[in-house]
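For reference, the chains in residue letters:
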Amino acid sequence: MNPQAKLLSITSLFLGSTITITSNHWVMAWTGLEINTLAILPLISKSHHPRAIEATTKYFLVQAAASALLLFSSMTNAWFIGQWDITQLTHPTSCLLLTAAISIKLGLVPFHFWFPEILQGTSLTTGLLLATALKFPPITLLLLTSPSLNPTLLTTMAVASAALGGWAGLNQTQTRKILAFSSISHLGWMTIILVYNPKLTLITFYLYCLMTIPIFLTLDTIKTLKLTTMSTAWTKIPSLTATLMLMLLSLAGLPPLTGFLPKWLIIQELTKQEMTPTATIIALLSLLGLFFYLRLAYCATITLPPNSINHMKQWQTNKSTKMLTTTFITLSIMLLPLSPMIFAAP
C-alpha cells in the first residue's frame, strides 16, 4: 500500500475518533464515526484479495446501516425533546434505536455476524485496529448515554454475547476468528456493567486492548493464521511463543494475570447490585472461552510438530522482537501482580 495513502488513512482514523470522543452534539459524533468508517476501508482492502474486497463491502454496508440508525435515533430524540446534546437522550424509542445502532457498530449479539467474517478477511494489523481502536468511539457514546439506556436489554445482550462468544469460538481453527469471538465475549463483560458502573466498562475496555494488542502483534511476528501452523511455529522465536501462552491465559482471565482484574471487579460490582445469578451465569460462560484459549496455548507451546520425512522445518529467526511488543506483553501478563507495588510506591 502507498505510504502516503496509509498515512492519510491512519491520520483520518485518529481525527474521526477524536471528533466522536470530544463532541457533545449528535451530528458531530456521527461525522466522526463516518470518517472512521471511510478511513479503515482502504486498510481492509489493501491486499486486493477477493476475501478482503468482500470484507470491505460487508464492513461498509454494516457500518452505513448502523450510522443511519444512530442518526435516526438522534433525530427522533431532537424531534420530541428538542435537544441535540448526547447526554440528553431521554426518549424511549431513541434509546432503543441507539442501543441497536451501537450494538451493530461494536458487534454485540444479535448483531455480531459481520465481525468474525471481516476479521477473517483482513490482515492481522488491520484486524487489531478493528478489534481495539475502532471500538473506542462507539463505547464512548454508550458511556455518555448509559443513564438513559434500558438495563434489562443491555444485560440480556451482554449474557448472550458472552455465551455466543464462548460457544462459537470452540469449533474454530482460524486464529483471527477465535480472536473475533473472544472480542464479542469481552464486549458482553463490558456491556453488563455499563449502567451500574460506566467507569468499570472503560477500565475493562482498556485492559482488553492491553491484552489483545500483544497477541495480535505476536501472531503477526510469527506469521500464524491457523492452529495447524501455530503448532509448528514454536521453532521460530521460542521465547515469544512461550509468552504467548501466558498472554492467552491472561485474556481468559486466570489469576494472577492481568485479565483476572476486570472480571473480578465486574463480578464484585454485580454482587453489590444484588445480581448474583447474573454474575454466576457470566462467570460460568467465561469457562467456554477458557477452553479455546487453552487449546490455542496448547497448540502454541505443548504440541510437537509432525515428524514426517516431507515436513518442512521452520528455522529459528534472528529477527528480534520489537520493543513495543515486549512492553505490551509485560503489561498484559504482569499488571495485576505489580499493581500493589505501584500503589505502594511513594
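Keep in mind it's a predicted model, so treat the numbers as computed, not measured. (Residues numbered from 1 in each chain as written. Predicted model: local features only at pLDDT ≥ 70, side-chain atom pairs only at ≥ 80, totals over all residues. Heavy atoms only, no water.)

### Regarding the overall build of the protein
Under the convention used in this document: Secondary structure follows DSSP: runs of H or I at least 4 residues long count as helices, runs of E at least 2 residues long count as strands, and numbering of each begins at the N terminus. The quantity called the radius of gyration is restricted to C-alpha atoms. Its globule counterpart is 2.2 Å times the number of residues to the power 0.38. Partly exposed residues are those whose accessible area sits between 20% and 50% of the maximum for their type, while under 20% is buried and over 50% is exposed, using a 1.4 Å probe and protein chains only. Working rule for contacts: check all heavy atoms of both residues, and any pair within 4.5 Å makes them a contact. Values of accessible area rely on a 1.4 Å probe in the Shrake-Rupley scheme; residue burial ignores everything except the protein chains shown.
Looking only at helices and strands, the protein has 15 helices and zero strands in total. Against the compact-globule benchmark of 20 Å for 346 residues, the protein has a radius of gyration of 21 Å, which places it among compact chains. Each of the 346 residues in the protein was classed as buried or not, and the buried ones make up 51%. Residue pairs at least 24 apart in sequence account for 77% of intrachain contacts in the protein once pairs closer than 6 positions are excluded. For the protein, the accessible surface area stands at approximately 15,900 Å², while carbon and sulfur atoms represent 71% of it.

### Examining the nonpolar core
Formally: Remark: nonpolar core denotes a set of buried residues (Ala, Val, Leu, Ile, Met, Phe, Trp, Tyr, Cys) joined through side-chain atoms within 4.5 Å. Segment limits for the domains were obtained from an automatic or database-derived domain assignment.
Counting 82 residues, the largest nonpolar core has Y59, L130 and L244 as the members making the most contacts within it. In terms of residues, this core owes the most to one element, helix α10 (residues 198-221), which gives 11 residues. For this core, the two domains that each supply at least three residues are domain 1 (1-119) and domain 2 (150-307 + 320-345). Not counting the four nearest positions on each side in its chain, L244 is found in contact with I215, T218, L219, I222, M230 and A300.

### Here's the deal with the domain arrangement of the protein
Under the convention used in this document: Here the quantity called buried area is the total loss of accessible area, with a 1.4 Å probe, experienced by two parts when brought into contact, counted for both. Salt bridge, as applied in this entry: a Lys or Arg side-chain nitrogen positioned within 4 Å of an Asp or Glu carboxyl oxygen. Residues adjacent in sequence count toward polar contacts only when both atoms are side-chain atoms; beyond that, a polar contact is any pair of N or O atoms within 3.5 Å, and within protein one must be able to donate a hydrogen and the other to accept it.
Splitting the protein by domain gives domain 1 (1-119) and domain 2 (150-307 + 320-345). Once you take the C-alpha centre of each, domain 1 and domain 2 turn out to be 25 Å apart. Tallying the contact residues gives 14 residues for domain 1 and 17 residues for domain 2. Summing both sides of the interface, domain 1 and domain 2 together bury roughly 1,300 Å²; the carbon and sulfur share of this comes to 78%. It is L108, V109 and L119 that lose the most area in domain 1 upon contact with domain 2, and together they represent 43% of the buried surface on that side. Across the contact surface, domain 1 and domain 2 share one salt bridge. Residue E117 pairs with K177 through a salt bridge whose shortest N-O separation is 3.3 Å. At the junction of domain 1 with domain 2, the criterion picks out two residue pairs in polar contact (both at pLDDT 80 or more). Counting residues per element, the ones that place at least two in the side of domain 1 that touches domain 2 are α4 (92-106) and α5 (114-120).

### Here we look at the packing of α10 against helix α12 (residues 238-252)
Definition in use: Axes here mean lines fitted to C-alpha atoms, for a helix over just the part in contact, with angles spanning 0 to 180 degrees between N-to-C directions. Under this scheme an angle from 65 to 115 degrees is roughly perpendicular, one under 35 degrees roughly parallel, and one over 145 degrees roughly antiparallel; angles in between are oblique. For a crossing to be left-handed, the near helix must be turned anticlockwise from the far one by less than a right angle; the clockwise case is right-handed.
Between α10 and α12, the shortest axis-to-axis distance is 10 Å and the interhelical angle comes to 150°. It follows that α10 is roughly antiparallel to α12 by the angle criterion. The handedness of the crossing between α10 and α12 comes out as left-handed. Of α12, the residues touching α10 (which contributes Y208, M211, T212, P214, I215, T218, L219 and T221) are L240, L244, M247, L248, S250 and L251.

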